[in-house]
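Analysis of the macromolecular model
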Amino acid sequence: SRASVREALAALRLTGIVETRVGDGTYLRSLPDRKAQKENLMETLREERSTHQLQEARRAFECGIMKSAANKFTEEDGATFIGILEELEEAIEDPDYEKFLQAHKDFHMSIAKVTDNVLIENVMEEFKAIMSQKIWRDLEEEYYLPKKKQYLEESLKIHGKIFEALRERDGE
């Protein structure tokens, strides 16, 4: 949908991959080296308001790539996702938040890999790196994990629905 495309472009603008010129359009910038790209993202993340915007941008980006991933999804991809969902479930049962967080990042990185698009994979790698930073973890602890087990169980349900949508080739 147009809204998904706009949200994905907002995420790409945030990372400095594209620039928008009012009245002229959106253009791919020459890609910065990985170090410059990471510094730009980390600078954005340091601002509290931007942390929430980054979470929103990540969700928008992920929604934007679902259609591409759904169109390219294979049975082999399905086996990968089933394994990751089992890891998420085990992490809830243990309970092991670190294991859950790693499986969560693997799940989203796997969606990017299904698209078979290096640019999408690189942007997702940056989001994944940010999710490992202390400031991100502090944000999760404060806003998303007051009832940790309940949050993790709800997250597992959502990830299961995402997997089902991919398997059914439903990118919406």
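What counts and what doesn't
- Residues numbered from 1 in each chain as written.
- Predicted model: local features only at pLDDT ≥ 70, side-chain atom pairs only at ≥ 80, totals over all residues.
- Heavy atoms only, no water.
- Salt bridge = Lys/Arg side-chain N within 4 Å of Asp/Glu carboxyl O.
- Helix = DSSP H or I, 4+ residues; strand = E, 2+ residues; numbered from the N terminus.
- Buried < 20%, exposed > 50% of the residue type's maximum accessible area, 1.4 Å probe, protein only.
- Expected span 1.5 Å × (residues − 1).
- Arc of directions from axis to C-beta.
- Pairing = 2+ DSSP bridges.
- Polar contact = N/O pair within 3.5 Å; in protein donor to acceptor, adjacent residues only side chain to side chain.
- Phe/Tyr/Trp six-rings, centres within 6.5 Å; stacked < 30°, edge-to-face > 60°.
- pLDDT = per-residue confidence, 0-100.
- Contact = heavy atoms within 4.5 Å.

Considering the pattern of salt bridges
Pairs may arise between side chains of opposite charge once their charged atoms sit close together. Scanning the entire structure with this criterion turns up five salt bridges. Of the charged contacts, one joins Arg-167 and Glu-164 as a salt bridge, the two residues approaching to 2.6 Å between their closest N and O atoms. Here the residue Arg-167 and the residue Glu-164 both occupy positions in helix 8 (residues 148-167), the gap between them amounting to three residues, near one helical turn. Judged by its relative accessible area of 40%, Arg-167 falls in the partly exposed class. Given a relative accessible area of 30%, Glu-164 falls into the partly exposed group. One continuous salt-bridge network, built from bridges that share partners, spans Glu-19, Arg-21 and Asp-24.

Some thoughts on helix 4 (residues 75-93)
The terminal C-alpha atoms of helix 4, which comprises 19 residues, lie 27 Å apart, in line with the 27 Å expected from a rise of 1.5 Å per residue. Among the residues of helix 4, those classed as buried are Asp-77, Gly-78, Phe-81, Ile-84, Leu-85, Leu-88, Ala-91 and Ile-92. For helix 4, the buried positions fall inside an angular range of 140° around the axis, keeping them on one side. Turned more than 90 degrees off the buried face of helix 4, the exposed positions are Glu-75, Glu-76, Ala-79 and Glu-93.

Some words on the pairing of strand 2 (residues 25-28)
As defined by bridge partners, strand 1 (residues 18-21) adjoins strand 2 across four bridges and the pair is classed as antiparallel. Within strand 2, the residue paired with Val-18 across the bridge is Leu-28.

Notes on helix 5 (residues 97-114)
With 18 residues, helix 5 should cover 26 Å at 1.5 Å per step; its first-to-last C-alpha distance of 26 Å lies within 8% of that length. The buried count for helix 5 comes to 13 of 18 residues, which makes it a mostly enclosed element. The backbone nitrogen of Lys-99 has a side-chain oxygen 3.1 Å away, supplied by the residue at the start of helix 5, namely Asp-96. Positive phi shows up at Asp-116, right after helix 5, with a value of about 55°.

Some remarks on the packing of aromatic side chains
The geometry of two aromatic rings is summed up by the distance between their centres and the angle between their planes. Applying the stated criterion across every chain, the model contains four aromatic pairs. The interplanar angle of 50° and the centroid separation of 5.7 Å between the aromatic rings of Phe-73 and Phe-81 together place this pair among those described as tilted. Relative to Phe-107, the ring of Phe-81 has its centre 5.1 Å away and its plane inclined at 85°; by these criteria the two rings are edge-to-face. Of this pair, Phe-81 sits in helix 4 while Phe-107 sits in helix 5, and the two are 26 residues apart along the sequence.

Comments concerning the confidence of the model for the chain
Fine structural detail should not be taken from predicted coordinates in areas where pLDDT scores are low. For the chain, per-residue confidence averages 79 on the pLDDT scale, and residues scoring 70 or more make up 74% of the total. No element of the chain has a lower mean pLDDT than helix 2 (residues 34-45), at 62, and none a higher one than helix 4, at 92.

A few points about the environment of Ser-110
Tracing the backbone through its elements, the reader meets Ser-110 in helix 5. By relative accessible area, Ser-110 is classed as buried at 12%. Sequence separation between Ser-110 and Met-124 is 14 residues; the distance between their C-alpha atoms is 9.5 Å. Those residues in contact with Ser-110 that lie beyond four places of it in its chain are Thr-80, Phe-81 and Ile-84. Within the structure, the side chain of Ser-110 is placed 2.8 Å from the backbone oxygen of Asp-106, a separation counted as a polar contact.

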